[in-house]
Every structure is written in C-alpha cells, then in structure tokens.
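An overview of the molecular structure
Take a look at the letters that make up each chain.
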Amino acid sequence: MLQTGSGIAAANDPLPSWNDTAAKQSIMEFVERVTQEGSPDFVPVEERIATFDNDGTLWSEQPYYFQLAFALDRVKAMAPDHPEWKTKQPFKGVLEGDLKAVMAGGKKSLIEIVAATHAGMTADEFEQIVTDWISTAKHPKTGRLYREMIFQPMLELLVYLRANDFKTFIVSGGGIEFMRPWTEATYGIPPEQVVGSSIKTRYEVRDGKPVIVRLPEVDFVDDKEGKPVGIHSHIGRRPILAAGNSDGDWQMLQYTTIGRSPSFGLIVHHTDGEREWAYDRESHIGQLDKALDDAQQKGWTVVDMKQDWKTIYPGE
C-alpha cells in the first residue's frame, strides 16, 4: 500500500511529488540542519520525534471524517438487530440517509452513534470489523477506497523523515483502535506509534480466553489541548516536528515549536477544489482559522496543496 515514488526520480529527490517551492525547501533545509553532525542545530537520533495529525493531514476528510463514514455503515449493518432505530434519532436519520437530521443533534448524536457502533465487543472483534471495512469501503464522491485517499506527498515526507532517523507518530482526534489496524500497511507507522482518542475498556476472561472488552464510554479525546497530553502520555518525548491541518492541531504545533529550537511546524492548507477540496476558515470539518493566522508569526510552514503538490493521491 505504501507508495513513495519510484526509480531514479525517487533516488535523486526524496520528495518527487512536491513542487520545488518554499514549502519543500524549508522541510529539506530543516532535516539537513538537524541531522548533519557538527551543525549547531544537530539533534540526536533518539530525540528526532515527528508527529502527524491524520484527518486532513495524511488523508482527506471531506465531506465528513472517514471514521464517521465507518460508524454510519456500522449503523446500517447493525440495524436488523435494532428495530427501535427506525424511529429513534440519530439512527433514524442514518438509516434514511438524512445526514442533516444526524448532524442536528451535534456532538451528543455523534457520541451516541460511536458508542452504539464501536463498543460492546472485544478489541480483537473490533479490529477485524475495521480491517474488513477499510479494505472495501469507498468514498461516495471519488469512488476510491478510503485507504487510497491518502496524500502521496505526505507519504514521501514520512519515508524521507524515517530515512533520516526520525521516528514518526500519528497524533489524531480519530479513534486509536480505528486507526491501528491499518496505519502500518498504509503509512509505515506501526500501531504502537499511533496516539488517538479512546473509549474505556475492561479486561475479562471469556470461555477461558483473556480479552479486552470495549465499553460505551469515552476515555480520552486526543484533540486540541488533548494532543500535547496524548504526546506526553504515549510518547514521552516532545516532538521536534509536528504537522496538522486545522485549529484542532494548534496546541500540538504550539507544544512542538514554541520555546523549542530547532523545531518545525507544518500546516496542510486545503486549497485545491479540483483535485481535492478547498476549505479553511468556515469549514465544519477541519476548520483552519487561528492556526492560519498564527502561522507566519510563529514560523510555521503552510503547504498550499494547489501550488506545492504535483499530485494528491497515489497513482494519479
């Protein structure tokens, strides 16, 4: 699944899907500074930690987060066992294809959907459900598998950093157990390097077999100020590079770069309405407002998808 560019182009240029703009130059200059022995900005290998948001940073996120698409599909699959959902919102809206009614309930409705579709099973059972879905589910607009809607330039960046002895982590508001089954095959990031939101779990022995059971209760939300907390709890080292695409990543970018040198903050700005989507300040998904305003002052590199990327998805 992981694609990085091929042949001589990849050998000569570690970021072949990036145009030769200021964004690409700033990334490569930073990596060179922190990896060159004798450089005043040299960073030991063990401290080369890079954290990446997932939704909107490593793959697309419109018209709604892909994990929500998974949850909606799960409602439909589980509906025969829940006849009461035909008349109960937000499930009624899901079954009738009325997303406006689903969204009208706000965060409360979404939590209710996630609780109903993500809990009540063992961790192994949930992993298999996710694996089956990510292998077959397709985006309603592009017709691509969701796992194919990953950003080729960001895949190259991950590979480039690892080639320079960075350890790459996902730090996402998405569910940690939703991401872990497929991030290694897709991004080269193993499950132990995934930080995300989680629900509570419990250890049980069922039929003589030890299992982890998923409970319908939120444990941790890895978004906004939760991201630095998640980094501290799971990784135990402060990153020197952080990449995001929305105001939900602002605190992670701040934690990585403010008062810390050398460091690098990167923002993926969705500006390409033809090849992907164009959105920022007013978007209901991946809103980019405060972080965009602060980027210049704080020295964060803003990647303009339309101008800076030759291609968006692998195989284009």
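These numbers come from a predicted model, not from an experiment.

Inspection of every chain in the model, using the stated rule, returns one cavity of 30 Å³ or more. Here the largest cavity is characterised by a volume of approximately 30 Å³. As for the largest cavity, its lining consists of Asn54, Asp55, Trp59, Gln67, Gly174, Phe178 and Met179. Looking at the lining of the largest cavity residue by residue, the classes come out as three nonpolar, three polar and one charged.

Attention now goes to the layout of surface pockets. In this structure, the largest pocket encloses a volume near 1,400 Å³. In terms of lining, the largest pocket is formed by 48 residues, of which the most central are Tyr65, Leu110, Gly173, Val221 and Asp223. When residues of the lining of the largest pocket are assigned to their parent elements, the largest contribution, seven residues, is made by helix H6 (residues 106–118). What the second largest pocket holds in volume is close to 160 Å³. Every residue lining the second largest pocket is counted, 14 residues in all, and those nearest its centre are Tyr64, Ala69, Leu72, Asp73 and Lys76.

On to the sheet that holds strand S2 (residues 167–175), then. Pairing is mixed in the open sheet, where seven strands are placed in the order S4-S3-S2-S1-S5-S6-S7. At either end of the open sheet lies a strand with only one pairing partner, and these are strand S4 (209–220) and strand S7 (301–304). Strand-to-strand twist across the sheet, computed as the mean angle between neighbouring axes with direction ignored, equals 30°.

The next subject is a nonpolar patch on the surface. Taken together, Ile111, Val218 and Val221 make up a surface patch of nonpolar side chains, about 240 Å² in accessible area. Within the secondary structure layout, Val221 lies in the loop between S4 and helix H11 (226–234).

This part covers the nonpolar core. The biggest cluster of nonpolar side chains holds 65 residues, and the ones touching the most others in it are Phe52, Met154, Leu157 and Tyr187. The biggest single contributor to this core is helix H3 (residues 66–78), with eight residues. Residues in contact with Met154, not counting those within four places in the same chain, are Trp18, Phe52, Thr57, Leu58, Ala243, Leu266, Val268 and Trp309. If you look at the next biggest cluster of nonpolar residues, it comprises 16 residues, including Ile267, Leu288, Ala291 and Ala295.

So, about the pattern of salt bridges. Scanning the model with the defined rule gives 16 salt bridges in all. Asp13 is paired through a salt bridge with Lys24; the nearest N and O atoms lie 2.7 Å apart. Residue Asp13 is found in the loop between helix H1 (7–12) and helix H2 (22–35), and its partner Lys24 is found in helix H2; the two are separated by eleven residues along the sequence. The class of Lys24 is buried, set by a relative accessible area of 6%. Residue Glu204 is joined to Arg202 by a salt bridge in which the shortest nitrogen-to-oxygen separation is 2.8 Å. Overall, Arg202 belongs to the partly exposed group, its relative accessible area being 42%.

When pLDDT is averaged along the chain, the result is 95, and 97% of the positions lie at 70 or above. Every residue in residues 5–10 scores below 50 in pLDDT, and together they form five contacts with partners more than four places removed in sequence or on other chains.

Relative to the helices and strands, Gln193 is located in the loop between helix H10 (183–187) and strand S3 (194–206). Excluding residues that lie within four positions of it along the chain, Gln193 makes contacts with Lys167, Thr168, Phe169 and Ile170.

Of note, Ser263 is situated in the loop between helix H12 (250–257) and strand S6 (264–269). A polar atom in the side chain of Ser263 sits 3.4 Å from the backbone oxygen of Thr257. Reaching out from Ser263, the side chain makes a polar contact with the backbone oxygen of Arg260 at a distance of 2.7 Å.

Two numbers describe how H11 lies on H12: the axes approach to 7 Å, and their chain directions differ by 55°. With respect to each other, H11 and H12 are oriented oblique. Here H11 contributes Lys227, Pro228, Ile231 and His232 to the contact with H12, which in turn contributes Gln251, Met252 and Tyr255. Taken together, the residues of the contact of H11 with H12 break down into four nonpolar, two polar and one charged.

The first and last C-alpha atoms of H6 sit 18 Å apart over 13 residues, in line with the 18 Å expected at 1.5 Å per residue. Buried residues of H6: Ser109, Ile113, Thr117 and His118, and no others. Looking straight down H6, one finds its buried side chains confined to an arc of 140°; they lie on one side. Exposed side chains of H6 directed beyond 90 degrees from the buried face belong to Lys107 and Lys108. Of the surrounding elements, those touching the buried residues of H6 are H3, helix H4 (91–95), helix H5 (99–104), helix H7 (123–136), S3 and S4.

About the criteria used
- Residues numbered from 1 in each chain as written.
- Predicted model: local features only at pLDDT ≥ 70, side-chain atom pairs only at ≥ 80, totals over all residues.
- Heavy atoms only, no water.
- 1 Å grid on protein atoms, 1.4 Å probe; cavity = no way out; pocket = protein on both sides within 12 Å on 5 of 7 lines; lining within 4 Å.
- Points joined across faces, edges and corners; volume = space filled by probe spheres on them.
- Nonpolar A, V, L, I, M, F, W, Y, C, P; charged D, E, K, R; others polar.
- Helix = DSSP H or I, 4+ residues; strand = E, 2+ residues; numbered from the N terminus.
- Pairing = 2+ DSSP bridges.
- Axes fitted to C-alpha atoms, helices over the stretch in contact; angles between N-to-C directions.
- Patch = residues over 30% accessible without salt bridge, like charges linked within 9 Å, V, L, I, M, F, W, Y side chains within 5 Å.
- Areas by Shrake-Rupley, 256 points an atom, 1.4 Å probe, with all protein chains shown as cover.
- Salt bridge = Lys/Arg side-chain N within 4 Å of Asp/Glu carboxyl O.
- Core = buried A, V, L, I, M, F, W, Y, C linked by side-chain atoms within 4.5 Å.
- Buried < 20%, exposed > 50% of the residue type's maximum accessible area, 1.4 Å probe, protein only.
- Contact = heavy atoms within 4.5 Å.
- pLDDT = per-residue confidence, 0-100.
- Polar contact = N/O pair within 3.5 Å; in protein donor to acceptor, adjacent residues only side chain to side chain.
- Parallel < 35°, antiparallel > 145°, perpendicular 65-115°, else oblique.
- Expected span 1.5 Å × (residues − 1).
- Arc of directions from axis to C-beta.

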